[in-house]
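So the chains spell out like this:
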Amino acid sequence: MYLLKWLLGGIVGLAVIWYFLTMYVQQPGRDFSEDLLSSNAKRHALFVFDPDPFYNLDEKLCMSFARAIRDFGFNAYLRSPNAVGELKDREFDLLVLCTNTYNWAPDDAVRDFWRNYPDPQDQRVVLMTLGGGSTARARQIMEKSIQERKAQLLASKEFWSWKPNDEDRMDEKNSEVAQEMVHLWAMAIAEEHFRIHPE
C-alpha cells in the first residue's frame, strides 16, 4: 500500500511538473527580428518561428535556409510572431513556417500566426517541424491547416534536437548536420519551385 501511494504521488508530481513546463515553453518567446538582404533581390521570403527557450535550433535552421535562398536573389525577413508587425500586410513570394513541437502538437505561437495570416490562398509555404524526435503529429496538424487554407505547401520536413537527423553522421554535432541539410534542401526548393539558380 505504501509503495502504491508513493508511485501515485510520483505520477501526480510528474504530471504537475509537465503541466507547468508546457505552460512555460508555450509562452511567446523573445522577440526576434533580423533581415538577410540580397544585393540583387527580386523575391522576398518571410520566416516565422517562436524562439525556443531551451534550444535555438529553430533560429539556426531558419538562418541556414535564409542564407541559402539569399544566394538565389531573395531578401529574407526572419521574425518571431510578435515581431512581424507591418510585414503581415506585405506580399511574399515564400513563407517559411518553423514550429517547435510541444506535447506532440505545433507550438501555439506559430499555429496562431498561421490561423490569422491574411489572404493565405495560393501563398507558397515551406514548413519545418522541430522537436526532440516525436514530431510526426505536429507536422501533420500544420500541414492540414496549411492545406485547408488553400495555400501551396511546397515542402515539409522534420528536424530533431535529440534524435539523429542523419544516422550516417552520428559522429558529427546533430544541430550542425541539420543546418547543412536545411541549406541543401533550401537550394533544391529554390531551383525546383522558382526555377532560379544561385548568383
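Read on for an overview of the structure. (Residues numbered from 1 in each chain as written. Predicted model: local features only at pLDDT ≥ 70, side-chain atom pairs only at ≥ 80, totals over all residues. Heavy atoms only, no water.)

### Details of the overall build of the protein
What counts here: Each helix is a run of DSSP H or I of at least 4 residues and each strand a run of E of at least 2, with the numbering of both proceeding from the N terminus. Here, two residues are considered to be in contact whenever any of their heavy atoms come within 4.5 Å of each other. Values of accessible area rely on a 1.4 Å probe in the Shrake-Rupley scheme; residue burial ignores everything except the protein chains shown.
Along the protein, the regular secondary structure elements total five helices and seven strands. A separation threshold of at least 6 residues defines the contact pool for the protein, and within that pool the share at least 24 residues apart is 77%. Of the roughly 11100 Å² that the protein leaves accessible, carbon and sulfur atoms contribute 52%.

### What about the packing of aromatic side chains?
Stated formally: Each Phe, Tyr or Trp ring, with Trp reduced to its six-membered ring, pairs with another whose centre is within 6.5 Å; inter-plane angles below 30 degrees give stacked pairs, above 60 give edge-to-face pairs, and intermediate values give tilted ones. We call a residue buried when its accessible area falls under 20% of the maximum for its residue type, exposed when it is over 50%, and partly exposed in between, using a 1.4 Å probe and counting protein chains only. Either the NZ atom of lysine or the CZ atom of arginine qualifies as a charge over a ring when it sits within 6 Å of the ring centre and within 35 degrees of the ring normal.
Tallied over the full model, the rule gives nine aromatic pairs. Taking the centre distance of 5.6 Å and the plane angle of 70° together, the rings of F47 and F65 count as edge-to-face. With F47 in strand β2 (residues 43–49) and F65 in helix α2 (residues 57–70), the pair connects residues that are 18 residues apart, well separated along the chain. For the pair formed by F47 and F65, the shared burial category is buried. Ring centres 5.9 Å apart and planes at 85° place the aromatic pair F65 and W185 in the edge-to-face group. Linking F65 in helix α2 with W185 in helix α5 (residues 174–194), this pair joins segments that are 120 residues apart in sequence. Per residue, the accessibility class of F65 equals that of W185, and both read buried. Here the aromatic residues F47, F65, F159 and W185 are joined through ring pairs into a cluster of three or more. The positively charged end of R149 is found above the aromatic ring belonging to W114, 5.4 Å away from the centroid. The ring of W160 has K163 sitting right over it, with the charged end atom 4.3 Å from the ring centre.

### Quick notes on the packing of helix α3 (residues 108–115) against helix α4 (residues 136–148)
Applied cut-off: Between N-to-C directions, angles cover 0 to 180 degrees, with each direction set by a line fitted to C-alpha atoms, over the stretch in contact for helices. Relative orientations are named as follows: roughly parallel for angles under 35 degrees, roughly antiparallel for angles over 145 degrees, roughly perpendicular for angles from 65 to 115 degrees, and oblique for any other angle. Following the grouping adopted for this structure description, the nonpolar residues are Ala, Val, Leu, Ile, Met, Phe, Trp, Tyr, Cys and Pro, the charged ones are Asp, Glu, Lys and Arg, and the polar ones are all others, Gly among them.
Contact geometry of α3 with α4 gives a least axis separation of 10 Å together with a crossing angle of 10°. When the axis of α3 is compared with that of α4, the two are roughly parallel. Together, V110, R111 and W114 of α3 and I141, M142, S145 and I146 of α4 make up the contact between the two elements. Each residue belonging to the contact of α3 with α4 can be placed in one class, and the counts come to five nonpolar, one polar and one charged.

### What to know about α5
At 3.6 residues per turn, the α-helix brings residues three or four places apart onto the same side. The test is simple: Each residue after the first adds 1.5 Å to the expected span of a helix.
Its 21 residues place the ends of α5 29 Å apart at the C-alpha level, agreeing with the 30 Å of an ideal helix rising 1.5 Å per residue. Turning to α5, its buried residues are N174, S175, V177, A178, V182, W185, A186, I189, A190 and F194. Those residues of α5 hidden inside the fold are in contact with β2, α2, β3 (74–79), β4 (94–102), β6 (124–131) and β7 (152–160). R195, located one to two residues past α5, shows a positive phi value of around 55°.

### Details of the nonpolar core
We count it as follows: Note on terminology: a nonpolar core comprises buried Ala, Val, Leu, Ile, Met, Phe, Trp, Tyr and Cys residues joined through side-chain atoms within 4.5 Å.
One finds F47, F65, L78, L94 and M128 to be the most contacted residues of the largest nonpolar core, which totals 33 residues. Ranked by the residues each element gives to this core, the list is headed by α2, at eight residues. Apart from residues no more than four positions distant in its own chain, F47 is found in contact with C62, F65, A66, I69, A76, Y77, L78, R79 and V96. Of all hydrophobic cores here, the second largest spans 17 residues; its members include F92, V110, W114 and I146.

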